Amino acid sequence: MRRTGYLHLYGLNLVFDRVGRGPAVLLLAEEADMWPEELPQGYTFYLLDLPGYGRTGGPSMAPEELAEYVVGFLVMLNLGSPPILVRGVGEAVGEVLRDRGYKVFSGAYLGESLQRVMDMG
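Residues numbered from 1 in each chain as written. Predicted model: local features only at pLDDT ≥ 70, side-chain atom pairs only at ≥ 80, totals over all residues. Heavy atoms only, no water.

Asker: Would you mind going over the overall build of the protein chain with me for this structure?
Answerer: A count of helices and strands for the protein chain gives three helices and six strands. In sequence order, the protein chain lays out its α and β elements as β-β-β-β-α-β-α-β-α. Taking 14 Å as the expected radius of gyration for a compact globule of 121 residues, we find that the protein chain reaches 13 Å, a close match to that expectation. When its C-alpha atoms are laid out on the principal axes, the protein chain stretches across 35 × 30 × 25 Å. Considering the protein chain as a whole, with its 121 residues, one finds that 47% of them fall into the buried category. Taking the contacts inside the protein chain whose residues are at least 6 apart along the sequence as the reference set, 51% of them involve residues at least 24 apart. Here the protein chain displays about 6,300 Å² of accessible surface, and carbon together with sulfur accounts for 51% of that area. Counting 10 positive and 15 negative side-chain charges, the protein chain places the averaged centre of each group 8 Å from the other. (Helix = DSSP H or I, 4+ residues; strand = E, 2+ residues; numbered from the N terminus. Rg over C-alpha atoms; globule rule 2.2 N^0.38 Å. Buried < 20%, exposed > 50% of the residue type's maximum accessible area, 1.4 Å probe, protein only. Contact = heavy atoms within 4.5 Å. Areas by Shrake-Rupley, 256 points an atom, 1.4 Å probe, with all protein chains shown as cover. Lys, Arg positive; Asp, Glu negative; His and termini not counted. Charge placed at Lys NZ, Arg CZ, Asp CG, Glu CD.)

Given below as structure tokens:
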């Protein structure tokens, strides 16, 4: 079951969904609905609506600016540095995050990507 949460950050109310129980995984696209498939058991997935998309308001932003919101989100929820799977606009943001040392993976095939993440430890 998806549970909706809200986080006030840098003047915007970020909207996100949380699904499951287990180690944290961030699913990053422009909005949470970009991940419509059934999510595997054994993880807590965080699905963020980026600023300017979905249920989160705000202006259009460059990937570097969006990455600041993602980092702030991770810090405010005390998630550390979970694996980040990306799709759509999340891919450009993921490149910025990867350059900053975050573990970013393609989310094109969710099951395969999760297996790759777990194989890497």
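Asker: Can you walk me through the pairing of strand E2 (residues 12–20) in this structure?
Answerer: Remark: a regular strand shows side chains that alternate across the two faces of the sheet. Looking at chain direction, strand E1 (residues 3–9) and E2 are connected through seven bridges and run antiparallel. Paired with Arg3 across the strands is Arg18, a residue of E2. Taken together, E1 and the strand that follows it, E2, pair antiparallel across an intervening segment of two residues, in which Tyr10 is found at a positive phi of about 50 degrees. Inspection of the sheet shows E2 paired to strand E4 (residues 44–49) by six bridges, in the antiparallel sense. Across the sheet, the residue bridging to Val15 is Asp49, located in E4. (Pairing = 2+ DSSP bridges.)

Asker: Whenever I open this one, helix H2 (residues 89–99) confuses me. Can you help?
Answerer: The periodicity of an α-helix, 3.6 residues per turn, causes residues three or four positions apart to be oriented the same way. Restricting attention to buried positions, one finds in H2 the residues Gly90, Val93, Gly94, Val96 and Leu97. For H2, the arc enclosing every buried residue in end-on projection is 160 degrees, short of the 170-degree limit, so these residues lie on one face. Where H2 is buried, its residues touch strand E3 (24–28), helix H1 (63–76), strand E5 (84–86) and strand E6 (104–106). Phi turns positive, to about 100 degrees, at Gly101, one or two residues after H2. (Arc of directions from axis to C-beta.)

Asker: Mind showing me how you'd approach the nonpolar core here?
Answerer: Side chains of a nonpolar character, in soluble globular proteins, are inclined to be buried together. In terms of nonpolar packing, the biggest core is built from 26 residues, with Leu28, Val70, Phe73, Ile84 and Leu97 touching the most fellow members. Only E1, E2, E3, E4, H1, E5 and H2 provide two or more residues apiece to this core. In terms of residue count, the dominant contributor to this core is H1 (seven residues). Setting aside residues no more than four positions away along its own chain, Val70 makes contact with Leu26, Leu28, Leu48, Leu50, Val93 and Leu97. (Core = buried A, V, L, I, M, F, W, Y, C linked by side-chain atoms within 4.5 Å.)

Asker: Could you clarify how one ought to interpret unusual backbone geometry in this entry?
Answerer: Keep in mind that most residues, glycine aside, have a negative phi and that most peptide bonds are trans. Positive phi, normally seen in glycine, also occurs at Tyr10, with a value near 50 degrees. If you trace the backbone, Tyr10 turns up in the loop between E1 and E2.

Asker: Which parts of the structure should I look at to understand H1?
Answerer: With 14 residues, H1 should cover 20 Å at 1.5 Å per step; its first-to-last C-alpha distance of 20 Å lies within 8% of that length. Residues Leu66, Ala67, Tyr69, Val70, Val71, Gly72, Phe73 and Leu74 constitute the buried set of H1. Residues of H1 that are buried make contact with E1, E2, E3, E4, E5 and H2. Looking at the residues trailing H1, positive phi occurs at Asn78, about 55 degrees. (Expected span 1.5 Å × (residues − 1).)

By themselves, these observations are geometric and do not establish any function.
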